[in-house]
Amino acid sequence: MSEALVAVEAAGTDAFVPAASGARQFWRRLRAQRAALVAAAVVALLVLVALAAPLLTALEGQDPTTYHPSLIDSARGGVPTGSLGGIGADHWLGVEPQTGRDLFARLVYGARVSLGVALAATVVQVAIGVAVGVGSALGNRRVDQLLSRATDIIVSMPLMIMSLALLAIVPSSFPRPVLVTLVIGLIAWGNIAKIVRAQTLSLKGLDYVAAARLSGWGAWRVARRELLPALAAPVITYAALLVPTNISVEAALSFLGVGVKPPTPSWGQMLTAADVWYQAAPQYLLLPAGALFVTVLALTVLGDGVRTALDPRAASRLRVGTGRKDAKDAEKGAESDKEATA
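Residues numbered from 1 in each chain as written. Predicted model: local features only at pLDDT ≥ 70, side-chain atom pairs only at ≥ 80, totals over all residues. Heavy atoms only, no water.

Caption draft 1: How the structure looks around the packing of helix 6 (residues 159-169) against helix 7 (residues 176-187). One can describe the packing of helix 6 onto helix 7 by two numbers: an axis separation of 10 Å at closest approach and a directional angle of 140°. Comparing their axes, helix 7 and helix 6 come out oblique. By crossing handedness, the relation of helix 6 to helix 7 is classed as right-handed. Facing helix 6, whose interface residues are Leu 159, Met 162, Ser 163, Leu 166 and Leu 167, helix 7 presents Arg 176, Leu 179, Val 180, Val 183 and Ile 187. Among the residues forming the contact of helix 6 with helix 7, the class breakdown is eight nonpolar, one polar and one charged. (Axes fitted to C-alpha atoms, helices over the stretch in contact; angles between N-to-C directions. Helix = DSSP H or I, 4+ residues; strand = E, 2+ residues; numbered from the N terminus. Parallel < 35°, antiparallel > 145°, perpendicular 65-115°, else oblique. Left-handed = near helix turned anticlockwise from the far one by under 90°. Contact = heavy atoms within 4.5 Å. Nonpolar A, V, L, I, M, F, W, Y, C, P; charged D, E, K, R; others polar.)

Caption draft 2: Layout of the pattern of salt bridges. In the structure shown here, the tally under the stated rule is six salt bridges. A salt bridge links Lys 194 to Asp 152, with the nearest nitrogen and oxygen atoms 2.7 Å apart. With Lys 194 in helix 8 (residues 190-204) and Asp 152 in helix 5 (residues 141-156), this residue pair connects regions lying 42 residues apart in the sequence. Residue classification places Lys 194 among the partly exposed positions, given a relative accessible area of 38%. Here the salt bridges share partners, and the residues they tie into one network are Glu 96, Arg 101 and Arg 106. (Salt bridge = Lys/Arg side-chain N within 4 Å of Asp/Glu carboxyl O. Buried < 20%, exposed > 50% of the residue type's maximum accessible area, 1.4 Å probe, protein only.)

Caption draft 3: Layout of the environment of Gln 62. Mapped onto the elements, Gln 62 comes out in the loop between helix 3 (53-60) and strand 3 (72-73). For the pair formed by Gln 62 and Trp 92, sequence separation is 30 residues and the distance between their alpha carbons is 9.9 Å. Those residues within four positions of Gln 62 in sequence are excluded, and the remaining contacts are Thr 57, His 68, Asp 90, His 91 and Asp 102. At 3.2 Å, the side chain of Gln 62 and the side chain of His 68 are in polar contact. (Polar contact = N/O pair within 3.5 Å; in protein donor to acceptor, adjacent residues only side chain to side chain.)

Caption draft 4: Structural context of the layout of surface pockets. Approximately 260 Å³ is the volume attributed to the second largest pocket. Leu 46, Val 49, Leu 107, Trp 267 and Ala 291 are the residues nearest the centre of the second largest pocket, which is lined by 15 residues in total. Residue assignment for the lining of the second largest pocket shows that the elements contributing at least two residues are helix 2 (34-51), helix 4 (103-138) and helix 12 (282-310). The element contributing the most residues to the lining of the second largest pocket is helix 12, with five residues. Looking at the lining of the second largest pocket residue by residue, the class counts come to 13 nonpolar, two polar and no charged. (1 Å grid on protein atoms, 1.4 Å probe; cavity = no way out; pocket = protein on both sides within 12 Å on 5 of 7 lines; lining within 4 Å. Points joined across faces, edges and corners; volume = space filled by probe spheres on them.)

Caption draft 5: Spotlight on the nonpolar core. With 32 residues, the main nonpolar core has Ile 247, Trp 267, Tyr 284 and Leu 292 as its most contacted residues. Among the elements of the structure, helix 1 (19-31), helix 2, helix 4, helix 10 (219-255), helix 11 (267-274) and helix 12 are those that each provide at least two residues to this core. Once residues lying within four places of it in the same chain are set aside, the contact partners of Tyr 284 are Glu 96, Pro 97, Leu 103, Met 270, Ala 273, Ala 274 and Trp 277. (Core = buried A, V, L, I, M, F, W, Y, C linked by side-chain atoms within 4.5 Å.)

Caption draft 6: Representation of the packing of aromatic side chains in the model. What the rule picks out here adds up to two aromatic pairs. Seen in terms of ring centroids, Phe 26 and Trp 27 are 5.1 Å apart; in terms of plane orientation they differ by 65°. Their pairing is edge-to-face. Where Trp 92 meets Phe 104, the ring centres are 5.0 Å apart and the plane angle is 55°; that geometry is what we call tilted. Here the residue Trp 92 occupies a position in the loop between strand 4 (79-80) and helix 4, and Phe 104 occupies one in helix 4, the gap between them amounting to twelve residues. (Phe/Tyr/Trp six-rings, centres within 6.5 Å; stacked < 30°, edge-to-face > 60°.)

Caption draft 7: Expanded view of unusual backbone geometry. At Gln 98, a position not held by glycine, the phi torsion is positive, near 70°. Structurally, Gln 98 can be placed in the loop between strand 4 and helix 4.

Caption draft 8: Focus on a nonpolar patch on the surface. A cluster of nonpolar side chains, namely Phe 174, Val 178, Leu 182 and Leu 186, defines an oily patch on the protein surface of about 320 Å² accessible area. As for its placement among the helices and strands, Phe 174 is situated in the loop between helix 6 and helix 7. (Patch = residues over 30% accessible without salt bridge, like charges linked within 9 Å, V, L, I, M, F, W, Y side chains within 5 Å. Areas by Shrake-Rupley, 256 points an atom, 1.4 Å probe, with all protein chains shown as cover.)

Caption draft 9: Molecular detail of the environment of Leu 179. Topologically, Leu 179 is positioned in helix 7. In this structure, Leu 179 is in contact with Leu 167, Val 170 and Phe 174, ignoring residues within four places of it in sequence.

Keep in mind these values describe shape, not function.
Next up, the structure:
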């Protein structure tokens, strides 16, 4: 079977349609979910803000590290002067207590760190998990047992405890965002490896994979041309759900004081310093907490939408924007694509 075809299970039977048609079905099903589209727009806006952080702070005329002691009322313990935490034309969201650093600048630069660490850690997890899962499924019995036992060990490790231990012993001179990325990526790839192994074992029994192996193709060529394209759907689905988890882990590690260190801004690190100011300067706590909440929620909804679009037989776990009319529209679109390719 050519790698230009993708396997699509529909109506309880295995059918093969051109890859372009499969992509059209995916986008049609995704567009039918209003909640997923709103979540995708929110995620795109957050990514745009993170990428444009230098431009946005330049427009404001501030940066995330400059202190403004004149904007702090030392007699009141370091509370920002002025109303609403010092919000004004020069400081759009006010300033930090005690330091006077611009809160808007630290918030948008913190988005770069939080999103960047989460996405990079997800890439590391997916790369290791796919390699281990495919290698375990295609290897001989000894290789499968070795990789499976290694995966079981990784899965049994408590992520937060192992991360705290590793981050505590690494010298502070090592770049902290890179270190957090590597720690999360190297500890939390076990689940995706199990998923990929199970999917690969089921794909090995299909006729086109068996034909490719009988034709003399090596294991790497079979994996690259036949297995990896078929594994794209479950891997993308799980990766989309990993990103919000990694954002939460990075925020928790920074909140505990072993993640990103000052003066590098991070939403979790901002929450660490804000826990004693929630009464005197509530925006200092509410802004990073709200940004984390919106980001994790949007990524979770988007991940669920991607999962439902890739596997239309699986009902959405969320009941927002997945009405009957949208489901019927998606089914009609899928039927029209099947008729066009028949």
